[in-house]
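Spelled out from the first residue to the last, the chains are:
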Amino acid sequence: SSSSLSSSSSAAAAAAAAAAAPSSSMSSSSFTPPYTRLSLLYSALLLSSSLLMLVLPGVRSYIGLVPAKVLPYATTIITTAYCDASVVSAILSGALICSLARMVEPVMGTVEIAKTIAIANVGGAIVTWLWLVFTFAVTQRTDLLYSNVTGAHAAIAALFVALKQVNAKAVGAVPSTIAPYVPYMPAALLLLTALVSSVATNLLPTGLPSNALGGTIAAWVYLRYFRQPPAPTEALGAPGASPYQPIPGDASEEFAVASCVPPAFQAALTPFDRFTDRIFGGGSYASGAAGSLAAGMPSAAPLPGNDSEDARRRRERGARALEERLAQAAAAKQSAAASAV
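Source: prediction; values computed, not measured.

Cut-offs used in this document
Residues numbered from 1 in each chain as written. Predicted model: local features only at pLDDT ≥ 70, side-chain atom pairs only at ≥ 80, totals over all residues. Heavy atoms only, no water. Helix = DSSP H or I, 4+ residues; strand = E, 2+ residues; numbered from the N terminus. Expected span 1.5 Å × (residues − 1). Buried < 20%, exposed > 50% of the residue type's maximum accessible area, 1.4 Å probe, protein only. Core = buried A, V, L, I, M, F, W, Y, C linked by side-chain atoms within 4.5 Å. Contact = heavy atoms within 4.5 Å. Phe/Tyr/Trp six-rings, centres within 6.5 Å; stacked < 30°, edge-to-face > 60°. 1 Å grid on protein atoms, 1.4 Å probe; cavity = no way out; pocket = protein on both sides within 12 Å on 5 of 7 lines; lining within 4 Å. Points joined across faces, edges and corners; volume = space filled by probe spheres on them. Arc of directions from axis to C-beta. Polar contact = N/O pair within 3.5 Å; in protein donor to acceptor, adjacent residues only side chain to side chain.

(A) Summary view of helix α7 (residues 153-169). With 17 residues, α7 extends 25 Å from end C-alpha to end C-alpha; this agrees with the ideal 24 Å at 1.5 Å per step. Burial within α7 is extensive, with 14 of its 17 residues counted as buried.

(B) Summary view of the nonpolar core. Within the largest apolar cluster, 37 residues are counted, with the highest numbers of intra-cluster contacts made by Y42 and L163. If you tally residues by element for this core, the top one is α7, at 10 residues. Aside from chain neighbours lying at most four places away, what touches L163 is L100, M103, V104, V174, V182 and M185. Counting 7 residues, the second largest nonpolar core, distinct from the first, contains L65, A125, L132 and V149.

(C) Representation of the packing of aromatic side chains in the model. This structure, assessed with the given rule, holds 7 aromatic pairs. Between the aromatic rings of W220 and Y225, the centroid separation amounts to 5.7 Å while the plane-to-plane angle is 90°, which identifies the pairing as edge-to-face. Both residues of the pair, W220 and Y225, belong to the buried class. A ring pair is formed by W220 and F272, whose centres lie 6.2 Å apart and whose planes are at 40°; its orientation type is tilted. Of this pair, W220 sits in helix α9 (residues 207-226) while F272 sits in helix α10 (residues 266-280); the two residues are 52 residues apart in sequence, bridging distant segments of the chain. What makes W220 buried here is its relative accessible area of 6%.

(D) How the structure looks around empty space enclosed by the protein. What the rule picks out here adds up to 1 cavity of 30 Å³ or more. Approximately 30 Å³ is the volume attributed to the largest cavity. At the level of elements, α2 (37-55), α5 (87-108) and α6 (110-139) are the ones that each hand at least two residues to the lining of the largest cavity.

(E) Focus on α10. The terminal C-alpha atoms of α10 lie 21 Å apart, and with 15 residues this matches the ideal 21 Å at 1.5 Å per residue to within 8%. Of all the residues in α10, the buried ones are D273, T276 and D277. Along the long axis of α10, the arc covered by the buried residues comes to 105°, so they all point the same way. Exposed and facing more than 90 degrees away from the buried side of α10 are A268 and R278. Backbone geometry just after α10 places G281 at a positive phi near 95°.

(F) Quick peek at unusual backbone geometry. The backbone of Q140 shows a phi angle near 60°, a positive value even though the residue is not glycine. Looking at the secondary structure, you find Q140 in the loop between α6 and α7. Q140 sits in the exposed class, given a relative accessible area of 54%.

(G) Summary view of the side chain of S49. Turning to its location among the elements, S49 is positioned in helix α2. For S49, the side chain forms a polar contact with the main-chain oxygen of L46, separated by 2.7 Å. Excluding anything up to four places from it in sequence, S49 contacts Y82, C83 and D84.

If you want it as structure tokens, here you go:
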């Protein structure tokens, strides 16, 4: 009886282990990394560069942005955003980049986020260079020309701009606790960098605010006017489907510069929106196959009047008409396939 009892207990233990095995494998397969690979790679670059500059301080002259050496070392326009002279700053910047990319990248995609960050980094470096050269011309302080600027401030600014767009387009992508404040975060970051720079340097000009400002402007211009959205449906290539391509950029009111500040101050930034609309085309329709958005709709040529509000309403109506045509084409294709079956 004791042998049968032991055999039954061993059989029960084996059955319990077999039942636990699928659950453990399921839990391991359903585990999702908390941060994206792109953000972890960026953070690793920042931290490794900081450690490298601690061991070899001379390396900073070749990867950091020095205004007086930009022309002979033009590559620093690119490398300055991927290194940080301070280990503490590198850790804090990496943590912030990982947290922001975790909310933005699943919606926009890795390629688009990488492209937005790269454009913002170059824009931030160029604005920083021009700003320091300009302040040198005004103040005649030679130390500004030889200040070494490093850090991922432009990349962080770009992620805040992308977060603003994601918050308006993808419901639930941003936690509800911070969603009401997301539209004002890009402007709050610029104000914070200006205050920190002023306090830390006794109101002397530095590259921190200009780097964040350049990254913000570059990322916003790209996402507002030039980013190519994916095709809304595969019916675009179907016979008899609409030949029109998606409109590049994001011309919505939620992504205007004026929406980055509270309503009481938005009137002051509306002229900037009109200015960029005139320069970059105001979210103009795609060239080539775009033409007019629907039969009987006005073409992409400028219409009489310069009212920015009317122009945005026309763009939104055109986008809705395009979506309706694509939806009708997809429904027709599905009904034809169903009838054929």
